[in-house]
Amino acid sequence: MNGKRKRDVLMILAAGALIGLLPLHIDEFYLYVIRLIMIFAISALGLNIFMGYCGQINIGSAGFFAMGA
């Protein structure tokens, strides 16, 4: 591997370690907010795939999101 690739791999590993240790050091409220952000981000990515790339309207993803709520 070249130097840039090694640096990228180390940055990803460091970010993963930081995210893995984050719940041990922050308050429960902030963890709740981070979880909500991640849930909405996953929902937005799913809608982006269907409506953005495929150009189709999909109501099913909203139904799965509602069942999960």
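Here, the structure is the one placed above.
Caption draft 1: Layout of the overall build of the protein. Looking only at helices and strands, the protein features three helices and zero strands. For the protein, the α and β elements follow one another from N to C terminus as α-α-α. For 69 residues, the compact-globule estimate of 2.2 N^0.38 gives 11 Å, and the protein exceeds it by more than 25% at 17 Å. Overall, the protein is about 45 × 35 × 10 Å in size when its C-alpha atoms are taken along their principal axes. Considering the protein as a whole, with its 69 residues, one finds that 1% of them fall into the buried category. On the protein, roughly 6100 Å² of surface is accessible, and the fraction owed to carbon and sulfur atoms is 73%.

What counts, and at which threshold
- Residues numbered from 1 in each chain as written.
- Predicted model: local features only at pLDDT ≥ 70, side-chain atom pairs only at ≥ 80, totals over all residues.
- Heavy atoms only, no water.
- Helix = DSSP H or I, 4+ residues; strand = E, 2+ residues; numbered from the N terminus.
- Rg over C-alpha atoms; globule rule 2.2 N^0.38 Å.
- Buried < 20%, exposed > 50% of the residue type's maximum accessible area, 1.4 Å probe, protein only.
- Areas by Shrake-Rupley, 256 points an atom, 1.4 Å probe, with all protein chains shown as cover.

Taken by themselves, the reported measurements are silent on function.
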